[in-house]
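Residues per chain, in single letters:
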Amino acid sequence: MEQREEQDFAEYFAARREAVRRTAYMLCGDWHRADDLAQTAFVALHRRWRKVRDRGALDAYVRRSVVRALIDETRRPWRRERGVDQVPEAPATDREVGDAVATRSTLLEALAQVPPRQRAVLVLRFLEGLDVAATAAAMKCSTGTVKSQTARGLTALREVLGDALDDLRSAP
């Protein structure tokens, strides 16, 4: 861009910056986002500055750029997230994490001792959350087989866990 064109753009920017920013704020309700939207609009205008024939239409062009930038921003997934004043759940303490790891390792060790077909049914049903029909389809067997293997697998798991079962029941 030539020196004169750059100077013309700088003058327009200085004269209209606050007005564009206010317009952007009225559209989005957040001054930080308004700054971003205004910047996006001015960058788009700067790119096309040499091609602009009607200098009287600059305000309309920038306004349309702000609106388009706002719409583009709202389409982005991270813009759909909303901040809240209160965290929905408290972070886990070291003790809770330790208990969860102990529970998980106890359960995994016990599952390793259950026969493979019964273990597969238990994992699909209770850890993956599949229903009887989906488990049967995944294992290519009948629903009756899934039901009987579930019952046998739970019995085998209870036997393997023994006293640890009561510890698992009392864990959060």
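The structure under discussion appears in the preceding block.
Just so it is clear, the model here is predicted, and its values are computed rather than measured. (Residues numbered from 1 in each chain as written. Predicted model: local features only at pLDDT ≥ 70, side-chain atom pairs only at ≥ 80, totals over all residues. Heavy atoms only, no water.)

(A) Expanded view of the nonpolar core. With 19 residues, the main nonpolar core has Y12, L37, L45, V62 and V66 as its most contacted residues. Put simply, the parts of the chain that give this core at least two residues each are helix 1 (3–28), helix 2 (31–48) and helix 3 (58–75). In this structure, Y12 is in contact with F42, L45, W49, L58, D59 and V62, ignoring residues within four places of it in sequence. (Core = buried A, V, L, I, M, F, W, Y, C linked by side-chain atoms within 4.5 Å. Buried < 20%, exposed > 50% of the residue type's maximum accessible area, 1.4 Å probe, protein only. Helix = DSSP H or I, 4+ residues; strand = E, 2+ residues; numbered from the N terminus. Contact = heavy atoms within 4.5 Å.)

(B) The arrangement of unusual backbone geometry in detail. Residues other than glycine seldom take positive phi values, yet K140 does so here, at roughly 55 degrees. Mapped onto the elements of the fold, K140 is located in the loop between helix 6 (132–139) and helix 7 (143–161).

(C) Examining the packing of helix 1 against helix 3 more closely. Between helix 1 and helix 3, the shortest axis-to-axis distance is 10 Å and the interhelical angle comes to 40 degrees. Regarding the angle of helix 1 to helix 3, the classification is oblique. In the packing of helix 1 onto helix 3, the handedness of the crossing is right-handed. On the side of helix 1, the interface is formed by Y12, R16, V20, T23, A24, L27 and C28, while helix 3 contributes L58, D59, V62, R63, V66, V67 and L70. Here the residues of the contact of helix 1 with helix 3 are counted per class, giving ten nonpolar, one polar and three charged. (Axes fitted to C-alpha atoms, helices over the stretch in contact; angles between N-to-C directions. Parallel < 35°, antiparallel > 145°, perpendicular 65-115°, else oblique. Left-handed = near helix turned anticlockwise from the far one by under 90°. Nonpolar A, V, L, I, M, F, W, Y, C, P; charged D, E, K, R; others polar.)

(D) Broad picture of the pattern of salt bridges. Tallied over the entire structure, the rule returns seven salt bridges. A salt bridge links R50 to E5; the nearest nitrogen and oxygen atoms lie 3.0 Å apart. Taken as a pair, R50 in the loop between helix 2 and helix 3 and E5 in helix 1 lie far apart in primary sequence, 45 residues in all. Residue classification places R50 among the exposed residues on the basis of a relative accessible area of 53%. Note on E5: relative accessible area 18%, which makes it buried. The network of salt bridges with shared partners includes R17, E18, R21 and D35. (Salt bridge = Lys/Arg side-chain N within 4 Å of Asp/Glu carboxyl O.)

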